[in-house]
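Notes for the structure review
Each chain is listed here by its residues.
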Protein chains: 2
Amino acid sequence: MPHYQVHELGGFFKPESIAVIGVSREIASLGGTSFLQRHLDAEYAGRLYPINPKASEILGLKAYPSLSSLPEVPDLVMIAVRADLVPASLEECARKGVRYVHVLTAGFSETGTREGRELEKQLADVAEQHNLLVMGPNCMGPYCPASRLTAWGAIPGRDGHLGVISQSGGITQRFTEYVSSLGMDVSKAASIGNATVLDSPDFLEFMAGDDDIRLIAIYQENIRNGRRFFDLARELSPRKPIVMLKGGESEQGAATVESHTGRMAGNQRVWKAFFKQTGVVPVSNMNEWADACLTFSYLPKTRGRGVFIIGGGGGNSVISSDACIRAGLDVPKLSPKSMEGIRPFVPAAGSIAGNPLDHWELFLNPELLLKVLDIAYADPGISMVIVDRLIPRIAFHGPGFPDAVPEITGFIKTHPHRKPTVFTVDYDGGDPDLIRKGSLLRSRFCEAGVPAFPSFERAIGALARFQKYCNYFASL
Amino acid sequence: MPHYQVHELGGFFKPESIAVIGVSREIASLGGTSFLQRHLDAEYAGRLYPINPKASEILGLKAYPSLSSLPEVPDLVMIAVRADLVPASLEECARKGVRYVHVLTAGFSETGTREGRELEKQLADVAEQHNLLVMGPNCMGPYCPASRLTAWGAIPGRDGHLGVISQSGGITQRFTEYVSSLGMDVSKAASIGNATVLDSPDFLEFMAGDDDIRLIAIYQENIRNGRRFFDLARELSPRKPIVMLKGGESEQGAATVESHTGRMAGNQRVWKAFFKQTGVVPVSNMNEWADACLTFSYLPKTRGRGVFIIGGGGGNSVISSDACIRAGLDVPKLSPKSMEGIRPFVPAAGSIAGNPLDHWELFLNPELLLKVLDIAYADPGISMVIVDRLIPRIAFHGPGFPDAVPEITGFIKTHPHRKPTVFTVDYDGGDPDLIRKGSLLRSRFCEAGVPAFPSFERAIGALARFQKYCNYFASL
């Protein structure tokens, strides 16, 4: 294990120069050259050095035959050569005085071969010997929108407050793209792969001290130093929520973990205890992960379990109530005072005045919706609000709904007694234009800081996780 | 209860003339006039008669002052007058000799008032006395694409093989639109609301004998004649699968049921036993309902639990394996013979040869995917296949993927040893164009008869339900 001060890991995320070893003259599908191209596409502002013994220029950049021939010590080196050549490249880094290395290359212990395991051991030994800070191997490395630093395409997004630590490059790519496209931006992401040298506790400790990061999302398959991870997570979790996608829960998933990152997934009972004792929030898939991040990023804390459902239709109200209860939340009756406020504008026939509130006009008349929200925020039995927001579609009567997103989100965000409020905009049918409209509407809510979800079940799942977290620490 | 022969209920779905009572001269948001407009939009081919005592023409159609003044006995009457006027309208129907009546009007027992309950009792009495076949009240009535008959907008879809019985008009609208847009077309839908006269067992019995219907989707909140429903369902379910969304599972949901359709939701334990003893497939929400219909419509039967996952990425493969196990399915090792077939084209580094199979090239090279499917169809341990199909997105290297939907679906549909095979095309981020692309890709698979889902979890949930159903009847 190399020696370093915690804050030093920040160096991975703001290099002013990057050398890439393993750059061919053609753009291969996943080689170093394509990564170089991504940095160019993302308008990385620092100096880029392709290393290739035979080329003088690659992608319009001056190429160098070796690290030693570079005019400076690069802040970061990305190694993309064949696995068996990686130890020698690391030695070269050490000779040049490089400190930060990202090993992209796969083909180590995750192959399940003795050769792979030995190569990984060699990599660890060289790093230890020369005190190299190594991210990887078998990973996509560091990502930082503020530095226009991205190994995964020209989507650096905007600078945000989410920290990501992940053992899967693919998942990190998809996740950062996913959340950024919803306006929930990333500060720093570390795709750490086999995590042979620097592991998730190292990056967790770093992100704990990084004031730019307010929420941490982790994809974890296994852990070497469980005790350290546990202590860090327990200390951090009350002030910076940690939402964790744990891969390898099942025996079969754990077997895949070995093929993926070459490590053991650990005992599932240990992980259950971990979540219970740290307050770290577990999720099971990418959607739950993003959904949870939305609620944790945007909602004011809450302790109560009472959900007010502003629904679309009678049957939907029934199904939604069931879903709330199934998720461990409640659908309480409104207070007499709230009912007094609501009854005058809800007709007796074809609507339901109460909780859920089923009243068609709420889609057409934003003023009325704000009035209802105001009533809900004043009702002591109500802790959270879900609004089902239909997208205009031909099945419904009436040409469309007024665009009231700015009015609605403005009202919620500035309300002195606002409670966690989320929207559901669902459409999973086959009409590409309707799904486009729905997505657009959702992202406009999200961009404005009001979570919107593609189904009621996902909304309620995210609210339930959030409420559980708030309650966990409130009751300690 | 009126007397009728089962097949007579077919009359609701192929009327050659419809009279609408309760048509104002302006298009109100939900009144009879707007329904009339929908029938015109849908190009209903029969004769339409607006009934209005003061108008001579409505929406370009000749209006009549009363039912009695019509030149014929209409095949169907839709009643859209105020609730307290409904019994008189029914009497008028009886005098004219009408047999089929759809009562759209709400405001009966679901209001929770004594007045509402009494009105509903009156409605039942008039129907009984004159032997009227009444659908409703508080519902959207019959829907039949083959007759261009639709109360819910100009989306009659194409004639298909799905039968729908539902106590919620809104849910029926959304559901029929949803499945039709995925190319899974409806034969007949009955939105029966409070189901005061004709109830779900009546329509279930009718659909049992309707050869156009191969699969039945039911949204049920409560049941009056539980024994009859149970017997019918148990008899029918082995030959025509019944997928049922049961509303009012929780106490709170059941309370909403009373406000919605004015009836009791029934004991949850009774419903659990019902599902266990009939083989009817329970689902919890609209998406699960549509997903299940996709698998039941298109997949060949299967008994085994072994799923082969053709995945996208190492981390994803881990998460997907976990999801399979959680759903009660299995992710078995491939046979030695299958491994022999797969190893040659899966590189050792950066991919995983096995189950899940993680190999990037499968997205780029459809030939290779077909080769892998062929291997899976021959592997005795594999009973089902899920393929994760990415949509082209900027986060990934490479400009796009070849369009191989016709090639892939053709291969699957005509393979002599095909096994249930589904696709996952997921994207829930905020980019409206990507979500549009994903939706388009999904619906192209579905239209070709190969189910495609917006998330792995939904795909595996649908497969698990399907496999359970197949096994249930195979083991009886």
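Residues numbered from 1 in each chain as written. Chains lettered and ligands numbered in written order. Predicted model: local features only at pLDDT ≥ 70, side-chain atom pairs only at ≥ 80, totals over all residues.

1. Section: the overall build of chain A
Counting its secondary structure elements, chain A contains 16 helices and 18 strands. Based on the C-alpha atoms only, the size of chain A along its principal axes is roughly 80 × 45 × 40 Å. Every one of the 476 residues in chain A was classed for burial, and the buried ones make up 60%. Restricting to contacts in chain A with at least 6 residues of sequence separation, those with at least 24 account for 75%. (Helix = DSSP H or I, 4+ residues; strand = E, 2+ residues; numbered from the N terminus. Buried ≥ 20, exposed ≤ 12 C-beta atoms within 10 Å, placed from the backbone. Contact = placed C-beta atoms within 7 Å.)

2. Let's talk about the confidence of the model for chain A
All names here are of chain A. In this model, chain A carries a mean pLDDT of 90, and residues with pLDDT of at least 70 account for 93%. Strand E7 (residues 133-135) holds the highest mean pLDDT among the elements of chain A, 98, whereas helix H7 (residues 251-261) holds the lowest, 72. Overall, residues 394-398 carries pLDDT values under 50, and its contacts beyond four positions in sequence, including any with other chains, amount to 16 contacts. Reported confidences for the modelled complex are a pTM of 0.92 and an ipTM of 0.90. (pLDDT = per-residue confidence, 0-100.)

3. Some details on the relation of the copies chain A and chain B
For the pair chain A and chain B, the best superposition has an RMSD of 0.0 Å and corresponds to a rotation of 180° with a translation of 0.0 Å parallel to the axis. Such values leave the two copies arranged in the relation of a two-fold axis. Judged by C-alpha distance, Arg436(A) is the residue of chain A that lies nearest the rotation axis, at 2.6 Å. Most of the interface of chain A is mirrored in chain B, where 100% of its interface residues are also at the interface. (Least-squares fit on C-alpha atoms with pLDDT ≥ 70 in both.)

4. Some details on the domain arrangement of chain A
When cut into domains, chain A gives domain 1 (6-135), domain 2 (141-298) and domain 3 (307-474). Inter-centroid distance (C-alpha atoms) of domain 1 of chain A to domain 3 of chain A is 50 Å. (Domains from an automatic or database assignment.)

5. Structural notes on the interface of chain A and chain B
Taken together, the contact between chain A and chain B spans 76 residues of the former and 76 residues of the latter. Counting residues per element, the side of chain A that touches chain B draws most heavily on helix H10 (residues 314-326) of chain A, at 10 residues. Residues of the side of chain A that touches chain B, tallied by class, amount to 28 nonpolar, 37 polar and 11 charged. (Nonpolar A, V, L, I, M, F, W, Y, C, P; charged D, E, K, R; others polar.)

6. Focus on the pairing of strand E11 (residues 215-220) of chain B
Residues and elements named next belong to chain B. Counting buried residues along E11, six of its six residues qualify, which places the element largely inside the surrounding structure. As judged from the five bridges shared by strand E9 (residues 162-166) and E11, these two strands associate in the parallel manner. Paired with Gly163 across the bridge in E11 is Ile216. Bridge count for E11 against strand E12 (residues 242-246) is five bridges, and the pairing is parallel. Looking at E12, one finds that Ala217 is bridged to Val243. Crossover E11 to E12 through helix H6 (residues 226-236) is right-handed. (Pairing = 2+ DSSP bridges. Right-handed = clockwise from strand over helix to strand, strands pointing away.)

7. Examining helix H8 (residues 268-278) of chain B
Residues and elements named next belong to chain B. Residues Trp271, Phe274 and Thr278 constitute the buried set of H8. For H8, the buried positions fall inside an angular range of 50° around the axis, keeping them on one side. Turned more than 90 degrees from where H8 packs its buried face, Arg269, Ala273, Lys276 and Gln277 sit exposed. Turning to H8, the residues buried within the fold contact H6 and E12. (Arc of directions from axis to C-beta.)

8. Examining the sheet that holds strand E7 (residues 133-135) of chain B
Residues and elements named next belong to chain B. If you walk across this open sheet you meet the five strands as E2-E1-E5-E6-E7, and the pairing is parallel. The outermost strands of the open sheet, each flanked by one partner alone, are strand E2 (47-51) and E7. If you compare each strand with its neighbour and ignore which way they point, the axes differ by 20° on average. Alignment of strand E1 (residues 17-21) against strand E5 (residues 76-79), held across four bridges, turns out to be parallel. Within E5, the position partnered with Ala19 by the bridge is Val77. (Axes fitted to C-alpha atoms, helices over the stretch in contact; angles between N-to-C directions.)

9. Let's talk about the sheet that holds E12(B)
Residue and element names in this part refer to chain B. Strand order in the open sheet formed by six strands is E8-E10-E9-E11-E12-E13, and the pairing between neighbours is mixed. Both outer strands of the open sheet, strand E8 (141-143) and strand E13 (281-283), are each paired with one neighbouring strand and no more. On average, adjacent strands in this sheet sit at an angle of 15° to one another, irrespective of strand direction.

10. Looking at the pairing of strand E11 (residues 215-220) of chain A
Residues and elements named next belong to chain A. Burial along E11 is two-sided: the face carrying Leu215, Ala217 and Tyr219 and the face carrying Ile216, Ile218 and Gln220 are both buried. Sheet topology places strand E9 (residues 159-166) next to E11; five bridges connect them, and they run parallel. By the bridge assignment, Ile165 is partnered in E11 with Ile218.

11. A word on the packing of H6(B) against H8(B)
All names here are of chain B. It is the contact of H6 with H8, at a shortest axis distance of 9 Å, that shows an interaxial angle of 30°. For the element pair H6 / H8, the angle class is roughly parallel. In this structure, H6 contributes Phe230, Ala233 and Arg234 to the contact, and H8 contributes Phe274, Gln277 and Thr278. Residues of the contact of H6 with H8, tallied by class, amount to three nonpolar, two polar and one charged. (Parallel < 35°, antiparallel > 145°, perpendicular 65-115°, else oblique.)

12. Comments concerning helix H14 (residues 405-414) of chain B
All names here are of chain B. Taken as a whole, H14 has its buried residues at Ile408, Thr409 and Ile412. Looking straight down H14, one finds its buried side chains confined to an arc of 90°; they lie on one side. Turned more than 90 degrees away from the buried face of H14 sit Pro406 and Thr414, all of them exposed.

13. A look at the environment of Lys272(B)
Residue and element names in this part refer to chain B. Here Lys272 lies in helix H8. A residue is classified by how many C-beta atoms lie within 10 Å of it, and Lys272, with 13 of them, is partly exposed. Lys272 sits 23 residues away from Glu249 along the chain, and the two C-alpha atoms are 9.9 Å apart.

14. Observations regarding the environment of Arg47(B)
Residues and elements named next belong to chain B. Mapped onto the fold, Arg47 is located in strand E2. In this structure, the C-alpha to C-alpha distance between Arg47 and Pro74, residues 27 residues apart in sequence, is 8.6 Å. Those residues in contact with Arg47 that lie beyond four places of it in its chain are Glu16 and Ser17.

15. Regarding unusual backbone geometry
The omega torsion of the bond from Gly136(A) to Pro137(A) falls at 0°, within 30 degrees of zero and hence cis. Position of Pro137(A) among the secondary structure elements: in the loop between E7 and strand E8 (141-143). At the junction of Asn355(A) and Pro356(A), the peptide bond is cis and its omega measures out at 0° in the coordinates. Inspection of the secondary structure assignment puts Pro356(A) in the loop between helix H11 (336-342) and strand E15 (357-358). We note that Leu59(B) has phi near 55°; this positive angle belongs to a residue other than glycine. Within the secondary structure, Leu59(B) sits in the loop between strand E3 (57-58) and strand E4 (61-62). Overall, the presence of 16 C-beta atoms within 10 Å leaves Leu59(B) in the partly exposed class.

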